[in-house]
Amino acid sequence: LVGSEMCIRDRLLTEYIGIASAALSGYLYGVKKECDLLGIFMAAFLTALSGGILRDVLVGRDVYSFTHYMPISIVLAVILFAMAFKIHTKRESLDKSTLFVMSDAIDIVSFSIVGSMVALEYGYNIFGVLLIALANGVGGGIFRDMLYNEVPWFMKTGFYGTVCIVTGLIYYFMDLVGLNNMFFIMILFTFGVAFRMIAHKKNWRLPKIEEEK
């Protein structure tokens, strides 16, 4: 029972970190798109919560964001904080904004870990774990980009979805050997964020299949 409570605590802490960072990246996205306050809120809301909503629908459990107050409270707090401290004032493209790329990296890694945890709680096999990790990791960005008529970032940005899959795969084997406490989760989290930032800096991309002319 104690172990189960610790697992839930670790999962919620990881998820809250992801929600906060995703809300910030969504806020920056909405400001860059010159949205009004409602549009900015929707960008932050979708980025932060819709991946978790998709995860919960896929595993068949009650949607956490709609049965608890903390997720939306975190989104609202981040928006108010960002507005108060004028975090949006620098004029630069999103892919050149260190703050945006870093917050985006933090949220996809956090959500990938949480998605893996939830999938394992529901008895999913390795393929299910990887799917839920990917859905949770990139789901928010997909819904946000579709709403704002953009090609989803994970389909055009180097190693975006790959980071989610690799993170989910590593967590699956960590859990298999019992290395699923907060210490090892933070090691995986650090690795995942570093992996994403290096991939962005080096502009790593998966190979494409070129059509013959």
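Residues numbered from 1 in each chain as written. Predicted model: local features only at pLDDT ≥ 70, side-chain atom pairs only at ≥ 80, totals over all residues. Heavy atoms only, no water.

Observations regarding the overall build of the protein chain
Definition in use: Helical segments are the DSSP runs of H or I of at least four residues, strand segments are the runs of E of at least two, and each set is numbered from the N terminus. When we talk radius of gyration, it's over C-alpha atoms, and the globule rule is simply 2.2 Å times the number of residues to the 0.38. Accessible surface area values rest on a Shrake-Rupley calculation with a 1.4 Å probe, where residue burial reflects the displayed protein chains alone. Charge assignment in this entry is limited to Lys and Arg as positive and Asp and Glu as negative, and neither His nor the chain termini are counted. For this purpose, a charge sits on NZ of Lys, CZ of Arg, CG of Asp or CD of Glu.
For the protein chain, the count of helices and strands is eight helices and zero strands. Going from the N terminus to the C terminus, the protein chain shows its helices and strands as α-α-α-α-α-α-α-α. A compact globule built from 213 residues should have a C-alpha radius of gyration of about 17 Å, and the protein chain, at 17 Å, falls within 12% of that. For the protein chain, the spread of C-alpha atoms along the three principal axes comes to 50 × 50 × 30 Å. When the accessible area of the protein chain is evaluated, it comes to approximately 11300 Å², of which 67% is carbon and sulfur surface. Charge separation in the protein chain, taken as the distance between the mean sites of 18 positive and 18 negative side-chain charges, equals 9 Å.

What about the packing of helix 5 (residues 98-121) against helix 8 (residues 182-202)?
Rules: Axis lines are fitted to C-alpha atoms, over the contacting stretch for helices. Their N-to-C directions set the angle, which ranges from 0 to 180 degrees. Roughly parallel covers angles under 35 degrees, roughly antiparallel covers those over 145, roughly perpendicular covers 65 to 115, and oblique covers all other angles. Helix crossings are classified by the rotation of the near helix relative to the far one: an anticlockwise turn of less than a right angle makes the crossing left-handed, while a clockwise turn makes it right-handed. Should any heavy atoms of two residues lie within 4.5 Å, those residues are considered in contact. Note on residue classes: Ala, Val, Leu, Ile, Met, Phe, Trp, Tyr, Cys and Pro are nonpolar, Asp, Glu, Lys and Arg are charged, and everything else, Gly too, is polar.
Following both chains from N to C, one finds helix 5 and helix 8 inclined at 135 degrees, their axes separated by 9 Å at the closest point. One element, helix 5, and the other, helix 8, form an angle in the oblique class. Read as a crossing pair, helix 5 and helix 8 show a hand that is right-handed. Across the interface between the two elements, Val101, Met102, Ala105, Ile106, Ile108, Val109, Ser110, Ile113 and Met117 of helix 5 pack against Ile185, Leu188, Phe189, Gly192, Val193, Arg196, Met197 and His200 of helix 8. Tallied by class, residues from the contact of helix 5 with helix 8 come to 13 nonpolar, three polar and one charged.

Some words on the environment of Tyr172
Inspection of the secondary structure assignment puts Tyr172 in helix 7 (residues 160-176). Linking Tyr172 and Phe127, residues 45 residues apart in sequence, is a C-alpha distance of 10.0 Å. What Tyr172 contacts, discounting residues up to four positions off in sequence, is Leu120, Asn125, Ile126 and Val129.

Remarks on the nonpolar core
Rules: Here, nonpolar core means buried Ala, Val, Leu, Ile, Met, Phe, Trp, Tyr and Cys residues that are tied together by side-chain atoms lying within 4.5 Å of each other. Under the scheme applied here, a residue whose accessible area is under 20% of the maximum for its type counts as buried, over 50% as exposed, and between as partly exposed, the area being computed with a 1.4 Å probe on protein chains only.
Counting 45 residues, the largest nonpolar core has Val75 and Ile113 as the members making the most contacts within it. Of all elements in the fold, only helix 1 (2-32), helix 2 (37-59), helix 4 (70-84), helix 5, helix 7 and helix 8 reach the threshold of two or more residues within this core. Beyond its immediate sequence surroundings of up to four residues, Val75 is in contact with Ile19, Ala23, Phe41, Ala44, Phe45, Ala48 and Leu49. Formed by seven residues, the second largest nonpolar core is a distinct cluster that contains Val114, Val118, Val129 and Tyr172.

What about a nonpolar patch on the surface?
The line we're drawing: Residues qualify for a patch when their relative accessible area is over 30% and they have no salt bridge, like charges being joined within 9 Å and the nonpolar side chains of Val, Leu, Ile, Met, Phe, Trp and Tyr within 5 Å. A carboxyl oxygen of Asp or Glu within 4 Å of a side-chain nitrogen of Lys or Arg is what we treat as a salt bridge.
A cluster of nonpolar residues, Leu169, Phe173, Leu176, Val177 and Leu179, forms a patch on the protein surface that exposes about 450 Å² of accessible area. Mapped onto the elements, Phe173 comes out in helix 7. Looking at Phe173, the relative accessible area reads 44%, which means it is partly exposed.

Side note on the packing of aromatic side chains
Both the distance between ring centres and the angle between the ring planes are used here to describe each pair of aromatic rings. Note the threshold: Each Phe, Tyr or Trp ring (for Trp, its six-membered ring) is paired with any other whose centre lies within 6.5 Å, and the angle between the two planes then decides the class: stacked below 30 degrees, edge-to-face above 60, tilted in between.
Enumeration according to the criterion identifies eight aromatic pairs in this entry. Measuring from centroid to centroid gives 4.7 Å for Phe81 and Phe85, while their planes differ by 40 degrees, and the two rings are tilted. Taking the relative accessible area as the measure of exposure, Phe81 reaches 46% and is therefore partly exposed. In this structure Phe85 comes out as exposed when scored by relative accessible area, which is 57%. Connected via pairs of aromatic rings, a cluster forms that spans Phe159, Phe191, Phe195 and Trp204.

What to know about unusual backbone geometry
At Asn149, a position not held by glycine, the phi torsion is positive, near 60 degrees. Secondary-structure assignment places Asn149 in the loop between helix 6 (126-147) and helix 7. The exposure class of Asn149 is exposed, given its relative accessible area of 72%. One non-glycine residue, Asn203, adopts positive backbone phi at about 60 degrees. A relative accessible area of 47% means that Asn203 is categorised as partly exposed.

Digging into the packing of helix 2 against helix 4
Two elements in contact, helix 2 and helix 4, have axes separated by 10 Å at closest approach and are oriented at 130 degrees. Taken together, the axis directions place helix 2 and helix 4 in an arrangement best described as oblique. In this structure, helix 2 meets helix 4 at a crossing whose hand is right-handed. Together, Leu37, Phe41, Ala44, Phe45, Ala48 and Leu49 of helix 2 and Pro71, Ile72, Val75, Leu76, Ile79 and Met83 of helix 4 make up the contact between the two elements. In terms of residue class, the contact of helix 2 with helix 4 is made up of twelve nonpolar, no polar and no charged.

Take it as geometry only, folks, not as evidence of what the structure does.
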